[in-house]
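Report on the structure
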Amino acid sequence: MAKLIVSDVDVKDKKVLIRVDFNVPIKNGVIGNDNRIVAALPTIKYVIENGGKAILLSHLGRIKSDEDKKELSLRPVAERLSELLGKDVKFVPSNEGAELETAINDMKDGDVILMENTRFQDIDNDFGKRESKNDPKLGEYWASLGDVYINDAFGTAHRAHASNVGIATAMKAAGKPAAAGYLMEKEIKFLGDAVDNPVHPFVTILGGAKVSDKIGVIENLIPKSDHILIGGGMAYTFLAAQGHKIGKSLFEADKVELAKELLEKAGDKIVLPVDNIAAAEFSNDAKHEVVGQDIPDGEMGLDIGPKTISLFKDILKDAKTVVWNGPMGAFEMSNYAEGTLEVGRALGELKDASTIIGGGDSAAAAIQLGIADQITHISTGGGASLEYLEGKELPGIAAISDK
Ligand code: AMP
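Residues numbered from 1 in each chain as written. Predicted model: local features only at pLDDT ≥ 70, side-chain atom pairs only at ≥ 80, totals over all residues. Heavy atoms only, no water.

Taken together, 16 residues lie near the ligand, and Ala-209, Gly-233, Gly-301, Glu-332 and Asp-361 sit nearest. The backbone of Gly-233 places a nitrogen or oxygen atom 3.0 Å from a nitrogen atom of the ligand. Interatomic distance of 2.5 Å between a side-chain N/O atom of Glu-332 and an oxygen atom of the ligand. Considered on its own, the ligand offers 500 Å² of accessible surface; in the complex 80% of this is hidden by protein. Grouping the constituent residues of the shell around the ligand by class yields seven nonpolar, five polar and four charged. (Near = heavy atom within 4 Å. Polar contact = N/O pair within 3.5 Å; in protein donor to acceptor, adjacent residues only side chain to side chain. Areas by Shrake-Rupley, 256 points an atom, 1.4 Å probe, with all protein chains shown as cover. Nonpolar A, V, L, I, M, F, W, Y, C, P; charged D, E, K, R; others polar.)

Here it is in structure tokens:
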């Protein structure tokens with residue numbers, strides 16, 4: 001069922017609650033990376049340019065103590081947002097009570113306020129984690145503050161929290177609209193098209209440390225993909241399942257049987273590394289060498305090798321849809337970054353293909369390479385995009401009104 005989106009709702013003169021994802025890195029009050037703030041701008045601008053009052057909510061980090069509250073205030077975000085919008089953004093240092101309600105009542109059309117970190121509600125109360133465990137009363141309270149609710153926080157869509165599922169549920173119960181923002185709409189469109197309606201050949205590339213994190217994705221995408229290229233630490237459990245020696249590479253003993261089953265189910269769709277870069281230590285200073293599918297005793301595979309890079313590139317060159325999640329090696333160390341960077345470059349060079357990167361480390365690699373603008377879509381939500389690729393219904397999306 002298609003979901004209601006922000007451009008479907010009338011925001012003029014309305015108090016519009018917008019759940020954004022401003023979970024940005026902040027150290028000593030300085031924002032390390034404002035990508036998520038920039039990503040929320042289209043929805044915020046739509047609301048204020050169309051005469052609405054934008055009331056923003058977001059979580060930031062995890063709150064377990066009063067000490068955390070000092071570090072995890074959204075105040076610096078309000079300042080950055082104000083610069084990006086070129087207009088004053090009022091920061092309200094609470095997210096419940098008279099100060100917030102007065103600030104909202106004083107708003108004029110086109111005004112923007114940002115309330116304090118929603119996870120400040122996770123301590124110092126009888127319920128416990130009111131935000132993170134979705135206290136329905138908190139969702140009802142926040143819903144009571146607005147006429148329209150927009151959820152633009154894809155990054156938390158796989159969690160049922162008060163500020164996404166709680167508010168949306170209460171809004172709908174009160175006969176008020178709960179719509180998806182532009183960023184959420186974009187995520188649903190690109191990830192949804194890839195999973196439900198891929199143009200073939202459809203190639204899935206999976207890497208990263210653990211098989212266990214990606215089992216659901218592999219199972220869901222085996223029948224839909226033409227090829228599943230596996231690199232990174234997770235490849236060694238698969239190579240072990242095929243009877244190869246893996247030395248002291250990353251290995252999940254309890255997943256070997258499952259890896260065998262997946263290899264059997266996938267037939268020749270799953271493509272494993274045919275060579276590797278191996279070293280005796282998990283260190284950039286360690287002596288490293290190119291080895292085949294068997295890793296010598298006492299060494300570990302830390303990147304895919306040159307033949308594997310060529311093989312993966314060869315498969316990728318005809319692809320029309322590509323989904324990539326997880327690095328091909330321990331790419332934080334320059335000696336083991338080549339596989340990840342080459343896969344990123346190959347994606348950047350594809351013409352007429354829809355290329356989707358599922359957040360996290362692969363997104364960082366694309367940005368490091370300066371090819372982010374050559375990728376069709378880089379998801380803003382690592383965990384949420386993985387669950388989407390697993391074919392799961394995300395509670396934050398399910399709670400949005402249907403069209
Ligand atoms: P994930 O969070 O599952 O995507 O895993 C990313 C992490 O896996 C990165 O920090 C990489 O350094 C690490 N990684 C990838 N390949 C390997 C490998 N072959 N051996 C050890 N760590 C790896």
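With the rule as written, the count across this model stands at one aromatic pair. Relative to Tyr-182, the ring of Tyr-46 lies with its centre 5.7 Å away and its plane at 85 degrees, an arrangement referred to as edge-to-face. In this pair, Tyr-46 sits in helix α1 (residues 35–49) while Tyr-182 sits in helix α7 (residues 182–196), placing the two residues 136 residues apart along the sequence. Residue class for Tyr-182 comes out partly exposed when judged on its relative accessible area of 25%. (Phe/Tyr/Trp six-rings, centres within 6.5 Å; stacked < 30°, edge-to-face > 60°. Helix = DSSP H or I, 4+ residues; strand = E, 2+ residues; numbered from the N terminus. Buried < 20%, exposed > 50% of the residue type's maximum accessible area, 1.4 Å probe, protein only.)

Let us look at the pattern of salt bridges. Scanning the entire structure with this criterion turns up 21 salt bridges. Across the pair Arg-130 and Asp-135 runs a salt bridge, and its minimum N-O distance is 2.8 Å. Overall, Asp-135 belongs to the buried group, its relative accessible area being 6%. Residue Lys-189 pairs with Asp-193 through a salt bridge whose shortest N-O separation is 2.8 Å. Pair noted here: Lys-189 and Asp-193 are both in helix α7, with a separation of four residues, about one helical turn. (Salt bridge = Lys/Arg side-chain N within 4 Å of Asp/Glu carboxyl O.)

Two elements in contact, α7 and helix α14 (residues 382–389), have axes separated by 10 Å at closest approach and are oriented at 30 degrees. Viewed along their axes, α7 and α14 form a crossing whose handedness is right-handed. Together, Ile-188, Leu-191, Gly-192 and Val-195 of α7 and Ser-385, Tyr-388 and Leu-389 of α14 make up the contact between the two elements. Residue classes in the contact of α7 with α14 are distributed as five nonpolar, two polar and no charged. (Axes fitted to C-alpha atoms, helices over the stretch in contact; angles between N-to-C directions. Left-handed = near helix turned anticlockwise from the far one by under 90°. Contact = heavy atoms within 4.5 Å.)

This paragraph deals with α7. The first and last C-alpha atoms of α7 sit 20 Å apart over 15 residues, in line with the 21 Å expected at 1.5 Å per residue. Taken together, the buried positions of α7 are occupied by Leu-183, Met-184, Glu-187, Phe-190, Leu-191, Gly-192, Ala-194 and Val-195. (Expected span 1.5 Å × (residues − 1).)

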